[in-house]
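A look at the structure
Here are the chains, one letter per residue:
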There are 2 protein chains.
Amino acid sequence: MKFTINKKILLQNLNNVSRALSNKNLIPILSGIKFELTMKGLILSASDNDIYIEIFISKKDINIEKEGKAVIQGKYILEIIRKVEDELVSIELLDNIKLNIKCGNANFNLNCMDYSDFPNLKIKENKKPIFININDLKNLVYKTSFAVSLQETRPVLTGINFKTNGKKIECVSTDSYRLAKKEIILNDKIEEDVNLIIPGKNFIEFIKILENEDINNINKNVEVYIDSNQVLFIYDNINFQTRILSGSFPDISRLIPKNKEIKIELNNIDFYNVIDRASLLTSEREKNIINFKTIGDHAIISSNTPEIGKVEEKINIIKEQKEKNIDISFSSKFMLEALKVIESKEVILEFINDIQPIIIKDKNDENYIQLILPIKTY
Amino acid sequence: MKFTINKKILLQNLNNVSRALSNKNLIPILSGIKFELTMKGLILSASDNDIYIEIFISKKDINIEKEGKAVIQGKYILEIIRKVEDELVSIELLDNIKLNIKCGNANFNLNCMDYSDFPNLKIKENKKPIFININDLKNLVYKTSFAVSLQETRPVLTGINFKTNGKKIECVSTDSYRLAKKEIILNDKIEEDVNLIIPGKNFIEFIKILENEDINNINKNVEVYIDSNQVLFIYDNINFQTRILSGSFPDISRLIPKNKEIKIELNNIDFYNVIDRASLLTSEREKNIINFKTIGDHAIISSNTPEIGKVEEKINIIKEQKEKNIDISFSSKFMLEALKVIESKEVILEFINDIQPIIIKDKNDENYIQLILPIKTY
């Protein structure tokens, strides 16, 4: 293997592929990045056995002298390429056991790992994929991933339920105290509907890689291929594959209340800041409880921790449909995370009573709904 | 106590005084900030028993309604003032046990701590102080503090030796593997010479507070008052006091080699980057050893860790006075920290042989010298 490549191109792609590097290092080969150079270009891949990333750099960006392949300790190659200063990097495999890296006056020889140990994980792209616009996919993940469970006691709740129904894709997550559901509508019907659970943290890793992508690609699609226990996303030159969680996701349709008695509209940023201040005097240990009470055309947000002190703040209600007032308590942490993903200027809150879930909606997005369970304080 | 103050002014001063807050909380009162309001203005103070900070906000920045005093949990008052949004904050002591804080619609009541528990630590400003220009003081600390010892085995080495001699002030630090000495020359002779050891981390805390100060004050002086076991720095409205380390600092004059046989000049940034890259393949466990070898008009920097790989890079020597070449090994970590504080474009390295300390000088600052002990590799 022998080639020359632009430093920036190599670095960006190494950064992306390194998201699959294992930090735990239980299996040594999983700390490596695989380089495979053919006359078509360079394939970089890495895996922690949970996700697998493969990235292709086309021959147009590489001066290829000789094909070949090697596996290199990921953290060293990444740090080296990050710190060399010249525009071009020359890489050559020596005696099949050392990788020589030259850039400017710097000359590195890195020991290679055993190429045959590197796992071959990629699923086949045989079935017809589902096509999802890159921004729609980002929305599906950003608007639901924060609500996945971090506890391993019910593994399915650490995932996002990804479900299709004709032209509709629905993502749902819940940690059993709160819930987020986002839908998108496709132009074309999906041939074969799917219902799977994708690990939340892996789904976020993929979206983070997409964040670095050129914004000129904003209208491009992500291709989704589904296997029995893996899902493969392909975007441009990036292949991102993750395992699927086994088990069935709870049916959430019965959880969403129908008969809302109180509906109010608040300025989202103002409400966020009021909750943020009220949460200063709460503690994680006490579930960050704050109280929300409507009185006529305004609401009072308060919290009280006797050993520290108390706080109270008023916020104006922009619009209301209510026949009675509400007096309800909830976790400020959950409410802050819920409001953070609301994009409209206004957030809509709906209540039935002080024990039914609070419904949170984005004024400009009717395909998005969140629930938070109130906390009983009496 | 009752007053109204601009939020930004209060926040900046609370941020500064909070640098003395104890995180360890062994003595509860040390997590508090003391407020003392008189008709002259507001005094904020805090201490962790190691440092003591007192800051005065003049009456011109406060609308004073009633004098008074209170001690408040530092982290809560700081977070509250950070997160309120209006321009003005109103603060009132209620029943001597609660502090009421109002800003916009937000209304906080914080429990007070017992005022009588707060330690009275400030030394008297009776003797004539030493006056040091703020930038000179910053240089004395920044150019020496990185070389203090982090080990408590020889406590005096965790401090910076602050010594005066007539018009000269000298700061020295050493962890016994390296050394940094910076001198400044005053316009006037100091009446009574001093020789003390100031804890390195405390000295840095003071300099960090000065960093936030208005750069229009660049020509202002810091006043230094010295007591038997405390030193008090006064700058503008800030009083910063720290304990002095007892014991005597090692005599370093005999450590600085006189007969330098090799003197070379390198571009400082280039040299830093070469060392930085060579250090990628070294490990902390192996003392980050790298090798430096002169050959004619250039030097070769290299490192070799058999389990990972090796690296070699050439750098041009700008100017040299040498009758022989040097081949020497040292810690890349120490060299990087040494080069970071060199301000000139060129760094000067002087060697006697491969076992005597390496001398590092700033081309444009003849009052600054650093030493690094080489590492024997054979």
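Rules and cut-offs
Residues numbered from 1 in each chain as written. Chains lettered and ligands numbered in written order. Predicted model: local features only at pLDDT ≥ 70, side-chain atom pairs only at ≥ 80, totals over all residues. Buried ≥ 20, exposed ≤ 12 C-beta atoms within 10 Å, placed from the backbone. Helix = DSSP H or I, 4+ residues; strand = E, 2+ residues; numbered from the N terminus. Arc of directions from axis to C-beta. Pairing = 2+ DSSP bridges. Domains from an automatic or database assignment. Nonpolar A, V, L, I, M, F, W, Y, C, P; charged D, E, K, R; others polar. Axes fitted to C-alpha atoms, helices over the stretch in contact; angles between N-to-C directions. Contact = placed C-beta atoms within 7 Å. Parallel < 35°, antiparallel > 145°, perpendicular 65-115°, else oblique. Left-handed = near helix turned anticlockwise from the far one by under 90°.

What follows concerns helix α1 (residues 7-17) of chain A. Turning to α1(A), its buried residues number three or more, namely L10(A), N13(A), L14(A), N16(A) and V17(A). Considered in projection along α1(A), the buried side chains sweep an arc of 160° and stay on one side of the axis.

Note on strand geometry: in a regular strand, side chains alternate between the two faces of the sheet. Residues and elements named next belong to chain B. Bridging between strand β2 (residues 32-38) and strand β6 (residues 68-73) involves 6 bridges; their strand directions are antiparallel. Each bridged residue has a counterpart across the sheet, and for K34 the counterpart in β6 is V71. Inspection of the sheet shows β6 paired to strand β9 (residues 106-113) by 2 bridges, in the antiparallel sense. Across the sheet, the residue bridging to I72 is C112, located in β9.

Bringing unusual backbone geometry into the picture now. If you check the backbone angles, N49(A) has positive phi at about 75° while not being a glycine. Tracing the chain through its elements places N49(A) in the loop between β3 (41-47) and β4 (51-58). Positioned with a positive phi, N96(B) is a non-glycine residue whose angle comes to about 60°. Mapped onto the fold, N96(B) is located in the loop between β7 (88-94) and β8 (98-103).

All names here are of chain A. Per the domain assignment, the segments making up chain A are domain 1 (2-117), domain 2 (130-243) and domain 3 (258-372). The C-alpha-based centres of domain 1 and domain 2 are spaced at 29 Å. Per-element tally for the side of domain 1 that touches domain 2: the top contributor is β4, with 7 residues. Grouping the amino acids of the side of domain 1 that touches domain 2 by side-chain chemistry returns 6 nonpolar, 1 polar and 3 charged.

Quick look at the sheet that holds strand β25 (residues 358-362) of chain B now. Residues and elements named next belong to chain B. Strand order across the open sheet formed by 9 strands is β14-β11-β12-β13-β26-β25-β24-β18-β22, with antiparallel pairing between neighbours. A strand with exactly one partner marks an edge of an open sheet, and here the two such strands are β14 (195-199) and β22 (319-322). In this sheet, neighbouring strand axes are inclined to one another by 20° on average, regardless of whether the strands run parallel or antiparallel. In terms of strand pairing, strand β12 (residues 168-174) meets strand β13 (residues 178-185) through 7 bridges, oriented antiparallel. Within β13, the position partnered with C171 by the bridge is K182. Along the sheet, helix α6 (residues 332-340) contacts β13, β24 (346-351), β25 and β26 (365-372); its crossing angle with β26, the most-contacted strand, is approximately 170°.

Within the fold, P119(B) resides in the loop between β9 and β10 (130-133). Considering only alpha carbons, one finds P119(B) and L99(B), 20 residues apart in sequence, at a separation of 20 Å.

Quick look at the packing of helix α3 (residues 134-142) of chain A against helix α4 (residues 200-211) of chain A now. All names here are of chain A. Their axes nearest at 10 Å, the elements α3 and α4 cross at an angle of 140°. The angle between α3 and α4 falls in the class oblique. Considering how the two elements wind past one another, α3 and α4 form a crossing that is left-handed. Of the residues in α4, those in contact with I134, K138, V141 and Y142 of α3 are F203, I204, I207 and L210.

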